[in-house]
Amino acid sequence: MKTEVLISGGGVGGLTLAVLLVQHEINVTVVEQMPKDSPIYKGELLQPKTLEILEHVGVIDQVLESGHKLPDLSFHELDRDYEFLNKHAKAKMDYTVLPTQSNFALMIPHERLKEILLEEAYKYDAFFTYKKPTRFLRFENGKAVVKQGKDEYNIEAQYYVGAEGRASPTRDGIEATFDPSYYNHHFLTVTIPRPAPLTQGRIITTDQEFLGLFPLPDEVRTVFKIKKDTYKSFKEKGIEYFHERFSNLAPDLKSYVETLKDYSKIQLMIPYQYHIDRYVQNNVAVLGDAAHTVHPMAGEGMNMAIQDADILGMLLGWMKQTKQFNQTNLLKHYEDVRRKRSQFLLQLSNLSAHAYSYQGAFIQKNRARAVKRMELDPFIHYKQVLNVSGLGMKPFTYKDRLIQIGGLPTRKATLSQAQRECPLFNRTEDYPWEEN
């Protein structure tokens, strides 16, 4: 079997890439090893840059219809009696400061997003082939060996893309290396019904605990932090123990979390982080979790995968249109654009993760102050929202950090429209090969 591009992995990253390629009239084959929807919790928080990409590929209306908008994310610091800690107890990160139409985040069920992308790809069925369940195994003599049922066969492509996730045989095939780093905590994730008043995202913390609430149209995805390697002992205390710990932080959800009768619907999530040493080798590229895995503080992993797919898809489409599709050296543009952006987000996410990793009243007090002062200082606030959004990249300065820890007063001046637009990625920065 022959195709122009073989994509291993039919998740949101792989399917976004497939849609972009078939829209450029490139023959694409996607192989997905999972026979049905995965029961494992995956990212569902779409950031503004990702929403702009989904608008570009023509599926934004379906995404908005299936999702729940989050104009901001609030942070609540509680003392050990579950009362507000002090004057810094509540803060928020407000997406509406962004000077773009997509100035909000959006929660959407992961499998629904995959359905939308797959439906769009099938509109170009002359160029799109989807094989499921089919698993990419390895490269042999420059071809991909895949397995469908008990049968193995070869697929020959001009380009091979690994979008399999953390366990990536494509990444193994190019012998990319990485060094994962782990955290001192794990998460329990569970979905419960959403009460009508719960419309905003919330992060609720004490000096010991962490609970994230992310509303969907009819449900709430929740993330509860536990100490590393304590899941077994935590579970042995019974489901009532989970009810109690959860309800202490979110009493308005007590009756909803108590609908859980056992741990069968609660999943353990183990966060860790890595970044491979290269994304491209010859005619092979990797994207998403195959290339970089990030701590799940703001859904960065899924967003980074879709943003990878956008750059790679637009590059391959341009190569096809300009009759340079056989020039594999041009794949380097993809890595040049995405690597530094990914590294920046990995560092930002890692810093946020460590802010919530360690326990104690002293740490909580300083964290609460830093988050509140981030909200109060318009320059720091904008940088934080911009960086998380994926729309641009604006590093924090030493002055910013001094303000956050209370070493300097917060600034009162507001940002001009020009200052807001200056760090936004433009088309030349996203697709620099077009200029060349």
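Predicted, not measured: the structure shown is a model, and the values here were computed from it.

**Student:** Explanation requested: the overall build of the chain in the structure shown.
**Tutor:** What the chain contains, in helices and strands, is 15 helices and 21 strands. A principal-axis box enclosing the C-alpha atoms of the chain has dimensions of 65 × 55 × 40 Å. Evaluated residue by residue, the chain yields a buried proportion of 56% over its 436 residues. In the chain, 73% of the contacts between residues at least 6 apart in sequence involve partners at least 24 apart. If you sum the accessible surface of the chain, you get close to 19300 Å²; carbon and sulfur atoms cover 50% of it.

**Student:** Teacher, can you tell me more about the sheet that holds strand β4 (residues 68-70) here?
**Tutor:** Hydrogen bonds along the backbone pair up the strands of a sheet, which may run parallel or antiparallel. Here three strands make up an open sheet; going across it, the order is β3-β7-β4 and the pairing antiparallel. The open sheet has two free edges, formed respectively by β3 (45-46) and β4, since each of these has just one partner strand. Here β4 pairs with strand β7 (residues 105-107) via three bridges, running antiparallel. In the strand pairing of β7, Lys 69 is matched with Leu 106.

**Student:** Please explain the layout of surface pockets as it appears in this structure.
**Tutor:** Take a probe with the size of a water molecule and roll it over the atoms, and the empty space left behind shows itself. Taken as a whole, the second largest pocket encloses approximately 650 Å³ of empty space. Forming the boundary of the second largest pocket are 28 residues, of which Leu 351, Ser 352, Ala 355, Val 371 and Gln 404 lie nearest the centre. Secondary-structure elements contributing two or more residues to the lining of the second largest pocket are β5 (72-77), α10 (332-355), α11 (361-376), α12 (378-389) and α13 (398-404).

**Student:** What is the right way to look at the nonpolar core in this model?
**Tutor:** What tends to happen in soluble globular proteins is that the nonpolar side chains get buried as a cluster. Counting residues in hydrophobic clusters, the biggest one holds 72 residues, and the most contacted among them are Ile 7, Leu 46, Val 63 and Leu 113. In terms of residue count, helix α9 (residues 300-321) provides more of this core than any other element does, ten residues in total. Non-local contacts of Leu 46, meaning those with residues more than four positions away in its chain, are made with Leu 51, Leu 54, Val 63, Ala 105, Leu 106, Ile 108, Leu 113, Met 302, Asn 303 and Ile 306. In this structure, Leu 73, Leu 98, Met 374 and Leu 415 belong to the second largest nonpolar core, which totals 35 residues.

**Student:** Where do I start with α11 in this structure?
**Tutor:** Residues spaced three or four apart along an α-helix face the same direction, because each turn holds 3.6 residues. Spanning 16 residues, α11 covers 22 Å between terminal C-alpha atoms, matching the ideal 22 Å at 1.5 Å per step. Along α11, the residues classified as buried are Gln 364, Arg 367, Ala 368, Ala 370, Val 371, Lys 372, Arg 373 and Met 374.

**Student:** What's the story with the sheet that holds β5 in this structure? I'm lost.
**Tutor:** Pairing is mixed in the open sheet, where seven strands are placed in the order β6-β5-β14-β15-β16-β13-β17. This sheet does not close on itself; its edge strands, each paired only once, are β6 (90-94) and β17 (267-269). Along the sheet, successive strands turn relative to each other by an average axial angle of 20°, direction set aside.

**Student:** Just checking my understanding: could you explain the packing of helix α2 (residues 48-56) against α9 for this structure?
**Tutor:** A pair of packed helices is captured by two measures, namely the crossing angle of their axes and the spacing between those axes. The contact between α2 and α9 brings their axes to 9 Å, and the two run at 45°. It follows from the interaxial angle that α2 and α9 lie oblique. Considering how the two elements wind past one another, α2 and α9 form a crossing that is left-handed. Where α2 approaches α9, its residues Lys 49, Thr 50, Ile 53 and His 56 are matched on the opposing element by Asn 303, Ile 306, Gln 307, Asp 310 and Met 314.

**Student:** Would you mind showing me how to read empty space enclosed by the protein here?
**Tutor:** Within the structure shown, the criterion is met by four cavities of 30 Å³ or more. Considered as a void within the structure, the largest cavity measures approximately 80 Å³ in volume. Along the walls of the largest cavity sit Gln 307, Arg 338, Arg 341, Ser 342, Phe 344, Leu 345, Asn 387, Gly 390, Gly 392, Met 393 and Phe 425, which together make up its complete lining. Broken down by element, the residue count for the lining of the largest cavity peaks at five residues, all from α10. Residue composition of the lining of the largest cavity, grouped by class: four nonpolar, five polar and two charged. In this model, the second largest cavity occupies a volume close to 40 Å³. Forming the boundary of the second largest cavity are Thr 205, Thr 206, Asp 207, Gln 208, Glu 209, Phe 210, Lys 225, Tyr 356, Tyr 358, Gln 359 and Arg 367. Taken together, the residues of the lining of the second largest cavity break down into three nonpolar, four polar and four charged.

**Student:** Sorry if this is basic, but what is going on with the pattern of salt bridges here?
**Tutor:** For side chains bearing opposite charge, pairing can occur when the charged atoms are close. A complete count under the given rule lists 24 salt bridges for this structure. Taking the shortest distance from any N to any O, the salt bridge between Asp 430 and Lys 49 comes out at 2.8 Å. Note that Asp 430 is positioned in helix α15 (residues 427-430) and Lys 49 in helix α2, a separation of 381 residues in sequence. For Asp 430, a relative accessible area of 5% translates into the label buried. Its salt-bridge partner being Glu 219, residue Arg 221 comes within 3.6 Å of it at the nearest N-O pair. Judged by relative accessible area, Arg 221 falls into the buried class, the value being 13%. For Glu 219, a relative accessible area of 35% puts it in the partly exposed group. One network of salt bridges, with partners in common, ties together Asp 377, Lys 383, Asp 400 and Arg 411.

Cut-off values and rules
Residues numbered from 1 in each chain as written. Predicted model: local features only at pLDDT ≥ 70, side-chain atom pairs only at ≥ 80, totals over all residues. Heavy atoms only, no water. Helix = DSSP H or I, 4+ residues; strand = E, 2+ residues; numbered from the N terminus. Buried < 20%, exposed > 50% of the residue type's maximum accessible area, 1.4 Å probe, protein only. Contact = heavy atoms within 4.5 Å. Areas by Shrake-Rupley, 256 points an atom, 1.4 Å probe, with all protein chains shown as cover. Pairing = 2+ DSSP bridges. 1 Å grid on protein atoms, 1.4 Å probe; cavity = no way out; pocket = protein on both sides within 12 Å on 5 of 7 lines; lining within 4 Å. Points joined across faces, edges and corners; volume = space filled by probe spheres on them. Core = buried A, V, L, I, M, F, W, Y, C linked by side-chain atoms within 4.5 Å. Expected span 1.5 Å × (residues − 1). Axes fitted to C-alpha atoms, helices over the stretch in contact; angles between N-to-C directions. Parallel < 35°, antiparallel > 145°, perpendicular 65-115°, else oblique. Left-handed = near helix turned anticlockwise from the far one by under 90°. Nonpolar A, V, L, I, M, F, W, Y, C, P; charged D, E, K, R; others polar. Salt bridge = Lys/Arg side-chain N within 4 Å of Asp/Glu carboxyl O.

All we've got here are geometric facts, nothing functional implied.
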